[in-house]
Every structure is written in C-alpha cells, then in structure tokens.
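# Breakdown of the fold
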Amino acid sequence: MGELTGYQLGVIGALFLSVASSVSIVICNKALMSNLGFPFATTLTSWHLMVTYCTLHVAHRLNFFENKRIDTKTVILFGILNGVSIGFLNLSLGFNSIGFYQMTKLAIIPFTVLLETLFLKKQFSQKIKLSLFVLLLGVGIASVTDLQLNFLGTILSLLAIATTCVGQILTNTIQKRLNVSSTQLLYQSAPFQAAILFVTGPLVDQYLTKQNVFAFKYSPLVLGFIILSCVIAVSVNFSTFLVIGKTSPVTYQVLGHLKTCLVLGFGYTLLHDPFTERNIIGILVAIVGMGLYSYFCTHENKKKQMLDLSPGSQIKDKDSNTPLLGHQDKENHFEVKKATKDSLV
C-alpha cells in the first residue's frame, strides 16, 4: 500500500508540474510573441531543447540521475520523429486557420486511441470513449471558431497528427519496454530533437513569418523573456516525458486540453483576452469530460489491479511483452513496428 501511495503521489506531482509549467510557458511565449513581436516559434523550441539537454547534462555530471544506454539508432529516430512533429504542428498552424489548427490538436486523441488499439492491442471501454467525446466536445466549443480548409494545410495537419501520436506512444512504450526513466530518455533524445529543429527552425519560421530570426533586433526585454521561456521549457519537457511514462499518451492529451481551458481562463484574467459565453460553456463541458475520464480511469485501474493479483496474470504479461521498435542492443530486444510531442514547447 505504501508503494502504491507513493506511486500515486508521483503521478499527481507529474500532472501538477506539467500543468503549471505548460500554462506558465504559454503565457510567457504569448507575451514574447504577441507583445514583444518575436514570432519565431520553431527556432525558440530548438533553444528550449538545447537548454533542456544542457541542464540534464549538468544534472548527470552532478550525479542527480544515472544515465542508461539506449540503442543509438532507436534514440536518433525517436528524437528526429519528435522534432519533426513539432515542425509539422507549427506548419499546420501557419497554413491553417486557428480553428482548423485546434481541430488538428483535438484529433490527436482519437487517432492515438485508434493506433494503440490496432498496433498495441490496447482496449478502451465505452465509458472511457464517452468521457473523451464529452471532453473533446467541450474543448471544441470553447476553442474552435473559424474552420477554413485548404489542401496543403490539411496534408500538414494529417502529418502533424500522425507524427505526434506515434511520438507520444513511443515515449510511453520505450520507457516501459526498455525500463528507462523519463529523465534518461529525454537526456538521450533531446540533442537530436534540438538538432533537427535548430537546422530547420529558422527556415520554417522565415517561410511562415517572412522574417529572419538572425536579423531580429534583440532588446534586453526580449532576451529576458527568451531566457525565462527556456528555463520554464526544461520543466515542460521533463514533465511531458514523465507524465506519458507514468500514465499514457491519451491521458497526456487529456491533460493538454485541461491546459487549454486554463490558458483561456488565464488569458482572460491576466491578458484581458475576449471571453464569451461559448468559452464558458465549452470549458464547463470539458471539465465534466475530464472528471468522467478521471473517474472511469481510476475505477478501471482498481479492477485491473484486482485482476493482476489473480494466478496466471504474470504469464499473460510476459506473453504480451512483444518487442516494438525493430532494432536490438546488447541488453534489450526492442523492435520498432511503427513510427508515430503538443506543442509549441
């Protein structure tokens, strides 16, 4: 019981850290981009990841955590995939209306459920699906306004959905199959995520904004907000891997929509953004959906724990532990059968 309580406290702590850091960085980045005129989101993300890696490297040197070697090819492909997913999300935002971009983010949950059902044979009960539907309906009411379609924007959105879903599923699967912590996985993959965005970010940003990040005039205030954003991003990136590892990709996406509701609320309170009855109704519906999802997940987890105590469950677990990402290293057999991050962070 002590271990279970400790694990539950760890999950609650990870969820709280994720929400607090994500809402903080959205507010910081909104001030940086909207008020100070710094529009280079993809390049900023590459700086976030470089600072995250440097911070973890210092922590590793100070023996705050032990590094565990993961197969190099697996880490490179995983890092590039997550970096590419961020690029596609930013391009989707650039080529679509805000409403269609929000629909893209909403579509990540059902696609994740579909992929986990097809490839990982994971079962989602009708109650869980109903709660997710209520949640997505509420977030859709609160955040989706105009829906303008175009062919290129739709293709970019589909690519963003696919890469984000697979990346988050692999974040969870790699940690569990290879028995590595969120810190160890982030430490090894962050350089490759940062590298792909550091190379492509300025090009993507210049195409979307018609401005050159290297020609931008950096005032002390802008530099201060960039540094603050990078510091907060360390917590965001760490908590993202932590939450997905301790829970699931679907739960992380549910948490992401809670952040959306909080950002709308904070935007109205702190930044005086427009707030309508539709926003309020949507947020309330979304909160009901989150409550139902939390209740049903807790109830089903308790039932699963009871089943896990039954004889034969250990044998079944061993049989289900098939390798995922088609590559081997000396310690672990790890197979990638499919290749599937939110965010502008």
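Note that the structure is predicted; figures quoted are calculated from it, not measured.

### Quick notes on the overall build of the chain
Scanning the chain from N- to C-terminus turns up eleven helices and two strands. Ordered by position from N to C terminus, the α and β elements of the chain give α-α-α-α-α-α-α-α-α-α-α-β-β. Going through the 345 residues of the chain one by one, you find that 47% of them count as buried. With the model as given, the accessible surface of the chain reaches about 17700 Å², and the carbon-plus-sulfur share is 67%.

### Things to note about the state of the cysteines
Under the criterion given, the structure shown has zero disulfides. Of the cysteine sulfurs around Cys230, a residue in no disulfide, the closest is that of Cys28, at 9.0 Å.

### Focus: the packing of helix H3 (residues 72-95) against helix H4 (residues 98-119)
Running from amino to carboxyl end, H3 crosses H4 at an angle of 150°, the nearest separation of the two axes being 7 Å. The angle between H3 and H4 falls in the class roughly antiparallel. Residues Leu89, Ser92 and Leu93 of H3 pack against Ile98, Tyr101 and Thr104 of H4. Partitioning the contact of H3 with H4 into residue classes produces four nonpolar, two polar and no charged.

### Quick notes on the nonpolar core
Of all hydrophobic cores here, the largest spans 23 residues; its most connected members are Ile70, Phe78, Leu170, Ile174, Val180 and Leu185. Contributing elements (two or more residues each) for this core: helix H2 (41-61), H3, H4, helix H6 (151-177) and helix H7 (182-209). Per-element accounting of this core gives the leading share, six residues, to H6. If you look at the next biggest cluster of nonpolar residues, it comprises 20 residues, including Phe124, Val139, Val144 and Val250.

### Regarding the confidence of the model for the chain
Confidence in the prediction of the chain, expressed as mean pLDDT, is 85, and 86% of residues score 70 or more. The low-confidence segment residues 315-345 (pLDDT under 50) makes 89 contacts with residues lying over four places distant or belonging to another chain.

### Overview of the packing of aromatic side chains
Throughout the structure, instances matching the rule amount to eleven aromatic pairs. Seen from their ring centres, Phe40 and Phe216 are 5.8 Å apart, and the 85° between their planes marks the pair as edge-to-face. Pair noted here: Phe40 is in the loop between helix H1 (2-35) and H2 and Phe216 is in the loop between H7 and helix H8 (220-246), with a separation of 176 residues, a long-range link. Consider the rings of Phe95 and Tyr207, whose centres lie 5.7 Å apart with planes at 25°: the pair is stacked. One end of the pair, Phe95, is in helix H3; the other, Tyr207, is in helix H7, with 112 residues separating them in the sequence. Put simply, the rings of Phe38, Phe40, Trp47, Phe216 and Tyr218 pair up and form one aromatic cluster. If you follow Lys210 out to its NZ or CZ, it ends over the ring of Tyr207, 4.9 Å from the centre.

The rules behind each value
- Residues numbered from 1 in each chain as written.
- Predicted model: local features only at pLDDT ≥ 70, side-chain atom pairs only at ≥ 80, totals over all residues.
- Heavy atoms only, no water.
- Helix = DSSP H or I, 4+ residues; strand = E, 2+ residues; numbered from the N terminus.
- Buried < 20%, exposed > 50% of the residue type's maximum accessible area, 1.4 Å probe, protein only.
- Areas by Shrake-Rupley, 256 points an atom, 1.4 Å probe, with all protein chains shown as cover.
- Disulfide = S-S within 2.5 Å.
- Axes fitted to C-alpha atoms, helices over the stretch in contact; angles between N-to-C directions.
- Parallel < 35°, antiparallel > 145°, perpendicular 65-115°, else oblique.
- Contact = heavy atoms within 4.5 Å.
- Nonpolar A, V, L, I, M, F, W, Y, C, P; charged D, E, K, R; others polar.
- Core = buried A, V, L, I, M, F, W, Y, C linked by side-chain atoms within 4.5 Å.
- pLDDT = per-residue confidence, 0-100.
- Phe/Tyr/Trp six-rings, centres within 6.5 Å; stacked < 30°, edge-to-face > 60°.
- Lys NZ or Arg CZ within 6 Å of the ring centre and 35° of its normal.

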